Amino acid sequence: VQGTGGSSAVSKCSAAARGYIQDRFLRLLVGRRRRRAPLVHRGYYIRARAVDHCVQDFLLKTQSHPRTQILSLGAGFDSLYFRLKDMGLLHHTVVYEVDFPNVACQKATLIKRIKELSALVGDIGGEGLGVITFSGEDYKLLGVDLSELSELERALEEAGLDNEIPTLFIAEVVLTYMENSRSDALIQWAAEHFSQACFLLYEQIHPEDPFGCVMQQHFSQLNSALHSLAQYPDCEAQQRRFFEKGWSECSVMDMNEFFTHCTPEDEQQRVQALEPFDEYEEWHLKCSHYFVLTASKGMESSWTPLLSNMTVPHCDGPVRMAGSITAVVCATHSEISGLRRYGHHSVLIKPNVILTTGGFGEEDGQHCRMRNFHVLVKHADYWKAGCVKKENPDKRWDERLYHTVSCLSSSLALVVGGRTSPSSAGLGMLWLKFPETSNASDPGDVTVELVSLQPAAEPAALRWRHSTTEVIFKGEKYLFLYGGRSAMEPVLGDWYFLHTQELSCTVIPVEGPVPESRHSHSACSWKGGVLIAGGLGAVEQPLGSVFFLRELEHGFQWQTVETHPPLIPRYSHTAHVHDGKLLLVGGVWFHSSSVPGITVIDLMTGLCLDYAINVEHLEWPLMLHNHSSVLLPNEKELLLIGGGGNCFSFGTHLNPEPVSLSLSNILTSH
């Protein structure tokens, strides 16, 4: 548990070094320096922002009181006191910090040794007596085990804590490491013993979904299990907990809500622009698995920092499911593990052959960008898997992610866009050529020839997380290239019509309301046009709109497809059209009560039904984002390939095997 405190201090320090948080004291308190990934920076940024937002609100609301106090539980090497003191916010406030005796001693030694810190706090002696390891005029550092409540009470009394003045308790990922009976007792003790009290809690939620399983497993492996989760799995349970333990007011929100509604838009944009970033799914999943809670009792005026500029009601309840679809592991005969990947693309190149290219995943036991093309060949009751022979492997495939592959004939496909790293420019186009034969029985039968292209339309292709969809205009085939993002533009809303023969951009007039810019949306061919659904829009907000680009005599027209109930905004899903129905598969949404399964939109009536995916037959968490899916229309079978990603600092999860869903129940015409 102490190790988690040390590693979070290192992460906060790295985030401060990159400009996410303003904190010049962390580097003095944290010995070792490590540069963390942008995803980790964002995670620690939102945590620090939530705590600061609430602490400063408490100091503001209580500034008319002659004396107030802050009690930080499990403070570790946190720099909160020094930041507040430096900002001149502690005129009449004493800060008490409590942590394990050895942690408190280490911190006290650091403060005495480092001029910049000791000058700020002004050592008045009197420490080293019992549990008080450091004592300044407005700062007391105590070494006590929080789970021993009577000892904690004695130590705080000795240090001068006053239970009659406004007191803010802070527990930032601390209580969950204690047995529930002990953390509950602490929450109740704070409510009962202090006449004017506020409590700030930040920790994990949603242990049962795929990301939650990976998160729990990570902490168990560190031997620091998260005890709160089983009894208090969501925001509502945590809120009930505080009411039951004697607090009169309590508000709570997950970190997606906090970032969207309690962080000013200019600040959101500042953070989003700090470093190249392309892990939106993992960022939003991380934020849906952490919450911030504020509770109060006996305060003269209401303390509700989380409602300060809230413009939406909290959590619109669970998603109503119309039914469920059972997932089973696909029967495959394979010597290779090439389908553990994300950000790849899968396409049916023959009636019984699926080609998967690109992405990031596992190859020869290493995590890397995928060089090998992978093929699945369907037999009567199983799939045969293997690697594809590339006819001219020296041609630069560039190991790309988030590209598209469009089959133009039984022997030709076009690869468009994609990226290597998020800071590099997007990649251009490539032809993939296959032998003409209509069928293959063995992965070894499939060969692919790569032909790189420098067509005139190249600039249009320098993007990723876009869509490329076949449309028909005046009897001619075009590829409609839409949306995505590039190294320069975090979100694109433009489009191009590529004539499939000469790959030139053709100007075709388009009328109607232009959809807002988006990436990671879905696009399907339908009636000669394109259906665009969802996606991630500007300021990284999921979209719930569905558009149909419809063919007219002289061009195309954007039309809005009305859905009812309204489609829950999502992105990073896949989509298919079957028999007048649009199927959206997986993805990421902000409804933390469940993960997206399959949504069926009736294109005639606009009726929108959500189905859960039943995973009881799978022995591993099924993460349905950055996956690919292939619909076999005759069998009404959906194959889910790959998917997953980097789960914050909890490790990478890649779905180990393809999964099959039978859709016959939901696709039968009623």
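Residues numbered from 1 in each chain as written. Predicted model: local features only at pLDDT ≥ 70, side-chain atom pairs only at ≥ 80, totals over all residues. Heavy atoms only, no water.

Asks: Which parts of the structure should I look at to understand helix 11 (residues 235–244)?
Replies: Helical periodicity: at 3.6 residues per turn, an α-helix aligns residues three or four positions apart in one direction. Within helix 11, burial applies to C235, A237, Q238, R241 and F242. The arc that holds every buried residue of helix 11, seen down its axis, measures 165 degrees, which confines them to one face. Packed against the buried residues of helix 11 are helix 8 (180–193), strand 6 (197–204), helix 10 (228–231), strand 7 (249–254) and strand 8 (290–297). One or two positions beyond helix 11, positive phi appears at G246, with a value near 105 degrees. (Buried < 20%, exposed > 50% of the residue type's maximum accessible area, 1.4 Å probe, protein only. Helix = DSSP H or I, 4+ residues; strand = E, 2+ residues; numbered from the N terminus. Arc of directions from axis to C-beta. Contact = heavy atoms within 4.5 Å.)

Asks: Just to check I follow, could you spell out the layout of surface pockets for this structure?
Replies: By volume, the second largest pocket is sized at about 1300 Å³. Lining the second largest pocket we find 42 residues, and of these H345, S346, V405, A523 and A575 sit closest to its centre. Mapped by element, the contributors of at least two residues to the lining of the second largest pocket are strand 12 (345–350), strand 19 (404–409), strand 23 (467–473), strand 28 (522–526), strand 32 (574–578) and strand 36 (628–632). The element best represented in the lining of the second largest pocket is strand 19, accounting for six residues. (1 Å grid on protein atoms, 1.4 Å probe; cavity = no way out; pocket = protein on both sides within 12 Å on 5 of 7 lines; lining within 4 Å. Points joined across faces, edges and corners; volume = space filled by probe spheres on them.)

Asks: I'm lost on the nonpolar core in this one. Help?
Replies: Soluble, globular proteins show a tendency: their nonpolar side chains are buried together. V55, I70, L168, M255, F258, V292 and F650 are the most contacted members of the largest nonpolar core, which has 79 residues in total. Looking at this core element by element, the count peaks at 12 residues for helix 3 (residues 38–61). L142, I187, F242 and C250 belong to the second largest nonpolar core, which has 36 residues in total. (Core = buried A, V, L, I, M, F, W, Y, C linked by side-chain atoms within 4.5 Å.)

Asks: Help me understand the sheet that holds strand 32 in this model?
Replies: The strands that make up a sheet pair up through hydrogen bonds in the backbone, lying either parallel or antiparallel. Strand order across the open sheet formed by eight strands is 32-33-34-35-9-40-37-36, with mixed pairing between neighbours. One side of each edge strand has no neighbouring strand; the edge strands of this open sheet are strand 32 and strand 36. For this sheet, the mean angle separating the axes of adjacent strands, direction not counted, is 25 degrees. Note: strand 9 (residues 323–329) against strand 35 (residues 608–614), four bridges, orientation parallel. Looking at strand 35, one finds that G323 is bridged to Y611. (Pairing = 2+ DSSP bridges. Axes fitted to C-alpha atoms, helices over the stretch in contact; angles between N-to-C directions.)

Asks: Sorry, what's going on with empty space enclosed by the protein here?
Replies: Unoccupied space between atoms shows up once a probe the size of one water molecule is rolled over them. Counted under the stated rule, the structure contains one cavity of 30 Å³ or more. The volume enclosed by the largest cavity comes to roughly 50 Å³. In terms of lining, the largest cavity is formed by M255, N256, F259, T260, Q272, W283, H284, C287, V539, E540, Q541 and F590. Ranked by residues supplied to the lining of the largest cavity, first place goes to helix 12 (residues 255–262) with four residues. A class-by-class count of the residues in the lining of the largest cavity yields six nonpolar, five polar and one charged. (Nonpolar A, V, L, I, M, F, W, Y, C, P; charged D, E, K, R; others polar.)

Asks: What is the right way to look at the packing of helix 3 against helix 13 (residues 265–272) in this model?
Replies: Helix packing for two helices is described by the angle between their axes and how far apart those axes are. It is at 12 Å that the axes of helix 3 and helix 13 come closest, and there the two elements cross at 150 degrees. Our classification of the angle between helix 3 and helix 13 gives roughly antiparallel. In the crossing of helix 3 with helix 13, the sense of the turn from one axis to the other is right-handed. Side by side, helix 3 and helix 13 meet where R42, Y45 and R49 of the first sit next to E267, R270, V271 and Q272 of the second. Per-class residue counts for the contact of helix 3 with helix 13 are two nonpolar, one polar and four charged. (Parallel < 35°, antiparallel > 145°, perpendicular 65-115°, else oblique. Left-handed = near helix turned anticlockwise from the far one by under 90°.)

Function cannot be inferred from these measures alone, as they are strictly geometric.
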